[in-house]
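An overview of the molecular structure
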Amino acid sequence: MLLKIFKYQNTIISRYLLSNLIVFFFAITFIIALLVFGNQFVLTVQDSVEHGIDLKVLMPLVGFNMLRDISKILPLSLFLSIIITISQLYKNSEAVVMNSIGLGDKNFMNLIKPVVFFTFIIMFYLTIFAVPWAKQQISNGENETVNASEFSFITEGEFETFKKGKLVFYASESKINDIAGEQNMEEIFIYALDNEIPTIVLASEAIKYTDATNNSIYLRLKNGTRYEGLPGNKNINILNFEKYDLEIVSGDEKKSISTFSEIEEKSTIDLLREGGLKANAEIQWRISQPISVLILSIFGVFLGKSSPRTGKGINLIIGMVVFMLYTNSLGVAKNAIENGQLNPIIGMLGIHLLLLLILIIFYQFRQGKVAYFVDKIAFFNIKEKSHV
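Notes on the overall build of the protein
Looking only at helices and strands, one finds twelve helices and six strands in the protein. Evaluated residue by residue, the protein yields a buried proportion of 39% over its 388 residues. Summarising the internal contacts of the protein: among those between residues at least 6 apart in sequence, 61% fall at separations of at least 24. Looking at the protein as shown, the accessible area adds up to about 22900 Å², and 61% of this sits on carbon and sulfur atoms.

Quick notes on the packing of helix H10 (residues 314–338) against helix H11 (residues 349–366)
As a packed pair, H10 and H11 sit with axes 9 Å apart at the nearest point and diverge in direction by 150°. When the axis of H10 is compared with that of H11, the two are roughly antiparallel. On H11, the residues touching Tyr-326, Ser-329, Leu-330 and Ala-333 of H10 are Ile-351, His-352 and Leu-355. Class assignment of the residues belonging to the contact of H10 with H11 gives a composition of five nonpolar, two polar and no charged.

Digging into H10
With 25 residues, H10 should reach 36 Å at 1.5 Å per residue; the first-to-last C-alpha distance of 36 Å fits that figure. Buried within H10 we find Asn-315, Gly-319, Val-322, Phe-323, Tyr-326, Leu-330, Ala-333, Lys-334, Ala-336 and Ile-337. Directly after H10, the chain includes Gly-340, whose backbone phi takes a positive value near 75°.

Overview of the packing of aromatic side chains
Going through the model one piece at a time under the given rule, you end up with nine aromatic pairs. Ring geometry for Phe-64 versus Trp-133: centroids 5.4 Å apart, planes at 85°, classification edge-to-face. Note that Phe-64 is positioned in helix H3 (residues 55–91) and Trp-133 in helix H6 (residues 113–144), a separation of 69 residues in sequence. Residue classification places Trp-133 among the partly exposed residues on the basis of a relative accessible area of 43%. Look at Phe-302 and Tyr-363: their rings are 5.9 Å apart centre to centre, the planes differ by 25°, and that puts the pair in the stacked class. One end of the pair, Phe-302, is in helix H9 (residues 277–304); the other, Tyr-363, is in helix H11, with 61 residues separating them in the sequence. Three or more aromatic residues link up through ring pairs in this structure, and these residues are Phe-159, Tyr-170 and Phe-189.

Calculation criteria
Residues numbered from 1 in each chain as written. Predicted model: local features only at pLDDT ≥ 70, side-chain atom pairs only at ≥ 80, totals over all residues. Heavy atoms only, no water. Helix = DSSP H or I, 4+ residues; strand = E, 2+ residues; numbered from the N terminus. Buried < 20%, exposed > 50% of the residue type's maximum accessible area, 1.4 Å probe, protein only. Contact = heavy atoms within 4.5 Å. Areas by Shrake-Rupley, 256 points an atom, 1.4 Å probe, with all protein chains shown as cover. Axes fitted to C-alpha atoms, helices over the stretch in contact; angles between N-to-C directions. Parallel < 35°, antiparallel > 145°, perpendicular 65-115°, else oblique. Nonpolar A, V, L, I, M, F, W, Y, C, P; charged D, E, K, R; others polar. Expected span 1.5 Å × (residues − 1). Phe/Tyr/Trp six-rings, centres within 6.5 Å; stacked < 30°, edge-to-face > 60°.

What follows is the structure in structure tokens.
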């Protein structure tokens, strides 16, 4: 079966069609990847400058992000390249000659099969194995380096705000302990609002650490004084302390800014063992990505057909609309499964079957078979009776 799928028809037409398809495929992939990965690299450099993190430490995150996002780029690139390749044949009237010798949509599908199924195998490996591993590495790398973006490291000699401006922090000296993953500071000044009451805290030293139980970030202040209320008020409270823990970032807030959930980091085998709605939705999502390559490639052949008088790029616009509707429908179905609003048995399979049904109807319509079946239906074939 596999040998039949990857059978390469060594003809001039097949070589010509495949060569054009491969060129367009790599060109589109390169352009989209350049935009996506270039933007990620710029953001990484900004994080390195803002937080004082060595760029060499953050570069592995860029590589893992590339591995994660390539699975989103390949289906779109192949889909657009098929549309452009087929439409170019029609624009140059080459497809008209091919149709005259009996080469139609089925033949075009057979000719592009090697590229489509090779992309399908790559996508299957990426979504089932590589992407979950990459997301896990990204999560581990962020915890070790940036630790939740803008509040990852406290910069010495600068006033910094936390909790949406309700907490202002200053440290004259700061040193990161690479072994313990903590940050030691000296000469601390903190201004905060505690139940809308102004509070000022002064301390000789502090340690920033992450609580393993709730994943919140704390400052452990030592040998300081806490002033509650404004100076001059009668109800001002003064507290001297030897040790005082102050939460600057809650664990819930750190979870809210994560780029993906924990379920997405788990391997496919762990998801199969775990079960449940979220695991089921994630498994179906991973399987749907390579399946979409097959369905979109067929759609690409149909959308590629055009006439020389058709507006330039109209089929690409329609293709982008189809791609967005398809992928967004899969995303909606995934959320519905996770929330228990959609039966997992139907799941995303219903989206694929619906699109396949549209493809079959579209193909039958182009072959003129729909009109034939409509004529056979008595309701649509009412003939006026003749009167003598």
